[in-house]
Structures are given as C-alpha cells and as structure tokens.
Amino acid sequence: MKLAFIDEPDLEFANGSRHTDPRHGVTFYGPADLNSSGSRTIRVGIVGTKEAIDGVKRWLDSCRTPIAAKRSHLTGLFVAFPGFATNAGFHSTIVWDSRLERTISASELRKLDGMNPLRAIEQAVELYDSELSALNEEPGCDVVIVCRPDSLPEQVSTIGNSDKPWQDPKVVSVGADFRALLKARSLKTSRPIQILRRDTWDPSFKPKDRDERRGQQDDATKAWNLHTALYYKAGGMPWRMTRAPQDLTSCYIGVAFYRTTDGETLQTSVAQVFNQRGDGVIVRGAPARQSKGDRQPHLSEANAKDLLVQSLARYRSEHRTMPARVMLHKASSFTDAELRGFRAGADAEHIDLLELIWLPHHDSVRLFRQGEQPPLRGTLLSLDDNRHVLYTRGSVPLYKSYPGMYVPSALPFRPADVESSADEIATELLMLTKMNWNATQLDGRLPITLRTADSIGDILKHLPEGEIPAPRYAYYM
C-alpha cells in the first residue's frame, strides 16, 4: 500500500503561459488560441419568447464589463469575471442581429400548461426544432442560444403514500428530457446549441422543481461557465493540456455504455475521442452485451477492434494526423476478448503505444483526514499495482476549502495494460478532469473521456438506428 500526493497539473493558455486554474489562466493570459485566432467575434442566434430573447441580450450585454467575485473569505474559489470583450479575458465579443432571432409565441407555450408532462416536453421540442431548422438556413451564425421554456416540467411529484402520510411525495422523472430531445434533433443542423434556463439571466426567477438546497451560482460564476461554453462551441480553445517536448502525441478515448429507449438490457458503446487540445469527437459503436458473470457490459473482440479503428479514423479525419499513443478509459472491466480486440485495432492502425485502464464507478475504500476537511484533491492511494484510488474531488489547496456539499467520492482506476506509472496516470486523470467547457471550477470528479457519457447517451438514444451522429463534441455538451 502506498499513499502519495499528486500536484495540481497546469493548463496552457495564450503564448504557452500556464496556470492551474482555468479562470485565472484566461484572466491573466487569454485563451490558448489567442495567437492563432486573434480577437474572436461570436455570432449568436437566439430562440425563445420575446421576453426571454430580450432578457438574454440584456444579460449578455451586462457581461461585457467585469463582474465582481462573490464576497467571501474563499477568494480562490470565487473569481471575478473579467468581462467578455476584445481587450480582456477571452479577447472576444458576442454579436447578434434580428435576422438570427427566432421568436416562440408565448401563447403557444401557454397551451402546454396543464398538459401531460411528457406530451408537453414533446410539443415544446417540436416548436423549438421548427425554429432551429429555419435558423439553420441563415448564414453567419456560430452558435445558437435556446431559451428553455420557463414552466416546462422535467420531474413531477407523485401523490404521497396514504399509509405513510409522514413521508414527502416522491419526485420522479417525467420520462423525457427537453435538453436531450432537442439536442438530438439539433444534431442535423450545422451549429451547436446552448440551452439556457431563465434563472441564468433572471436571478429573481425560481423554477418550481429547483432543489433549494443547491442554491444559485453567483453572477461571476454563471458568466464564466456560459461564456466558456459559447467560446468553445464557436470553435475557440479556452485552454489546453500541457505537454512536455519528449511526450508522445496522445489521443484519449473514453468507452462507455447507455441504454436504448426501447429496452432494459440492450446497451450500446460510445467512444469519446479527445486530443491534448481538448478537441473532441463522438463515435457510436456496436451493441454491447451484459455479462452474466460480472453484470457489466462488454464488447465482442471484433466490435472492440472495430470501435478503436473507427475512433482513430475519426481522429485522423478531424486532425489530419495520427497519435503515437492511445490512452483508452473504459467504464467496465476488460475481458480477454476486449483486450485482444483493442490491441488488434491498435496494430491495424500502427499505433506505437496503447494503454488500457478500467475506471470503475466506485470503490469501497475511503480516506479520512483529521479535522473537518476531506482528503486533498490529488491524493492517490495505491492498494497494489492493479488497484488505485485517486481523489479528484476533495479539499483544494488553491481554494483553501472543499467546495462540495457531500463527502467526496474518489475516482478508482485499474490498469489493464499500461506502461505509464500510477503517478503518471493519476496526473493525466487530474488534468483531464479540467478539460470541461461547461464548468470552470477545477475539481470535476471524472475525466472528460467519461464524464459526459451519460448525457451523450441520453442524446444518442433518440437517434434512429443507423443514423451517423454529428462528430463534434460541442454538439453534445
């Protein structure tokens, strides 16, 4: 057994500058692609009610100038937003014109009130999809902001148990998700969409199904998260992973599984393929089978090989080169057939180094520190050569706090076939947790290769069988 601490890895920003925190890096140095692209003009389309469109535009205008950090003694956790302007932060500006605005009638949305929740979501998706299709015909648009209907339910409360009147009514999903359904429809359009809830631009608004325990993000954090996502979806590169000159060019692949809409058992593999810049593409693989032995989904040898070959072909198409090293993260353990299949795929594509790691959902091992704070992010416990537990969430020295609400769950990893040391793998995993363009806080639990598997699965399961999904990761985030 060995306990180690992995230092917080740096990220790279403009002019090769480095910082551990994405927000400080962008503020001090500018985005990673500043030199190659210069100031970026992001042309946004907006779909929503007239009131929502006007509200979003007012809020975006207010974000052109700096927004103060939340008043707190945690000065590392709450960071001021530098303003979205050509002379600060992202060194970019957002523009729009009436040609790129598509108004949803408020009276049409009122017709959804009182409707069966599932039917209301499907009807709303039809309304918005129609406007997205119309907007897709207009040139000069980089990304579309979708103002989510204010009162659309995503979960409902059931009637309480009359035999147990002291219990609160159970909250359940309505069985569909406006975000997933609309994103699946939008995959056929040529621009990524960004779905925005009213409480982002209108802090006085309180959605009915909000969990009050979670509270709202402060204004600066909202601005950070939304503008980072818009910048990436418009083709920008906010920050990238650092790489030493002697390192091999690496490609990171996450293999995960999701259930289809029509069955309880059929699962399909999906690979998320990223390079060190964070450019991601999505590849859908063949159906997987749940093993009767370990109850986990697995691929056949042929399908494992095919998935890796497809992923590398997509990588080559996107980046016009091939990596020297592939690091594959998988959500289930590796069978002998999968090992043979992935190795055969790497050999077929002449990959110099293939490394395979299983990232289990959880591990029963927990660490505790004296005092009130949980273990530090970066704490690595190696129980033996094949079983490691890494705290990607926990107390963050830069924040001088643990920013979570619950006891952090560590990220376990188990090498199946690697040449890198456990410390090197842990450093890479920590860095990959920060390649998340939807959030700028640096303590995500999962690496980017697997963290969006669930949300991507929720979108892909609505695509007809055989339809090739849009490749860019920006369409799914």
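See the structure shown above.
Our subject in this report is the structure included herewith. Keep in mind that this is a model prediction, so the values were computed, not measured. (Residues numbered from 1 in each chain as written. Predicted model: local features only at pLDDT ≥ 70, side-chain atom pairs only at ≥ 80, totals over all residues. Heavy atoms only, no water.)

1. With respect to the packing of helix α9 (residues 301–319) against helix α10 (residues 336–348)
Put simply, α9 and α10 touch, their axes get as near as 7 Å, and they point 35° apart. Pair α9 / α10 crosses with right-handed handedness. Together, Glu 301, Ala 304, Lys 305, Leu 308 and Val 309 of α9 and Ala 337, Glu 338, Arg 340, Gly 341, Phe 342, Ala 344, Gly 345, Ala 346 and Ala 348 of α10 make up the contact between the two elements. Of the residues belonging to the contact of α9 with α10, the class tally is eight nonpolar, two polar and four charged. (Axes fitted to C-alpha atoms, helices over the stretch in contact; angles between N-to-C directions. Helix = DSSP H or I, 4+ residues; strand = E, 2+ residues; numbered from the N terminus. Left-handed = near helix turned anticlockwise from the far one by under 90°. Contact = heavy atoms within 4.5 Å. Nonpolar A, V, L, I, M, F, W, Y, C, P; charged D, E, K, R; others polar.)

2. Details of helix α1 (residues 22–29)
All buried positions along α1 are accounted for by Pro 22, Arg 23, His 24, Gly 25 and Val 26. Two to three positions downstream of the cap, the backbone nitrogen of Arg 23 sits 2.7 Å from a side-chain oxygen, assigning the N-cap of α1 to Asp 21. With its phi angle positive at about 95°, Gly 30 sits one or two positions after the end of α1. (Buried < 20%, exposed > 50% of the residue type's maximum accessible area, 1.4 Å probe, protein only. Polar contact = N/O pair within 3.5 Å; in protein donor to acceptor, adjacent residues only side chain to side chain.)

3. Re empty space enclosed by the protein
Tallied over the full model, the rule gives three cavities of 30 Å³ or more. When its volume is computed, the largest cavity comes out at roughly 50 Å³. Surrounding the largest cavity, Leu 132, Leu 135, Asn 136, Val 144, Ser 186, Thr 189, Arg 191 and Ile 193 form its lining. Its residues assigned to classes, the lining of the largest cavity comprises four nonpolar, three polar and one charged. (1 Å grid on protein atoms, 1.4 Å probe; cavity = no way out; pocket = protein on both sides within 12 Å on 5 of 7 lines; lining within 4 Å. Points joined across faces, edges and corners; volume = space filled by probe spheres on them.)

4. As for the sheet that holds strand β2 (residues 11–12)
In space, the three strands of this open sheet follow the order β3-β2-β11, with antiparallel pairing throughout. Looking along the sheet, the strands with just one partner apiece sit at the ends: β3 (18–19) and β11 (240–241). The sheet contact formed by β2 and β3 spans two bridges and is antiparallel. For Glu 12, the partnering residue across the bridge sits in β3 and is Arg 18. (Pairing = 2+ DSSP bridges.)

5. As for unusual backbone geometry
The phi torsion at Arg 295 lies on the positive side, around 65°, for a residue other than glycine. Phi is positive for His 350, which is not a glycine, with a value near 60°. Within the secondary structure, His 350 sits in the loop between α10 and β17 (353–358). Take His 350: its relative accessible area is 68%, and that puts it in the exposed class.

6. Some thoughts on α10
Residues three or four positions apart in an α-helix share a direction because the helix packs 3.6 residues into each turn. In a regular helix each residue adds 1.5 Å, so 13 residues correspond to 18 Å; α10 covers 18 Å between its end C-alpha atoms and thus fits that length. Each element contacted by the buried residues of α10 is listed here: β15 (297–298), α9, β16 (325–330), β17 and β20 (411–417). His 350 occupies a position one or two residues after α10 and carries a positive phi of about 60°. (Expected span 1.5 Å × (residues − 1).)

7. Structural notes on the packing of aromatic side chains
Taken as a whole and assessed by the stated rule, the structure comprises 11 aromatic pairs. Seen from their ring centres, Phe 28 and Tyr 29 are 6.0 Å apart, and the 80° between their planes marks the pair as edge-to-face. A network of ring pairs unites the aromatic residues Phe 81, Phe 84, Phe 90, Trp 224 and Tyr 231 as a single cluster. Arg 40 extends its terminal NZ or CZ atom over the ring of Tyr 231, reaching a point 5.2 Å from the ring centre. Sitting above the plane of the Phe 334 ring, Lys 330 keeps its charged end 5.1 Å from the centroid. (Phe/Tyr/Trp six-rings, centres within 6.5 Å; stacked < 30°, edge-to-face > 60°. Lys NZ or Arg CZ within 6 Å of the ring centre and 35° of its normal.)

8. Overview of the pairing of strand β12 (residues 250–259)
Of all 10 residues making up β12, nine are buried, and the element is well covered by its neighbours. Inspection of the sheet shows β12 paired to β16 by six bridges, in the parallel sense. Bridge pairing in β16 places Ser 250 opposite Arg 325.

9. Observations concerning the side chain of Arg 284
Structurally, Arg 284 is set in strand β14 (residues 280–290). Classification of Arg 284 as buried rests on a relative accessible area of 15%. Within the local environment of Arg 284, its side chain forms a polar contact with the backbone oxygen of Leu 460, the two atoms lying 3.4 Å apart.

10. Re the environment of His 362
By secondary structure assignment, the location of His 362 is in the loop between β17 and β18 (379–384). On the basis of relative accessibility, which here comes to 54%, the residue His 362 falls in the exposed class. As for His 362 and Pro 412, which are separated by 50 residues in sequence, their C-alpha atoms are 6.3 Å apart.

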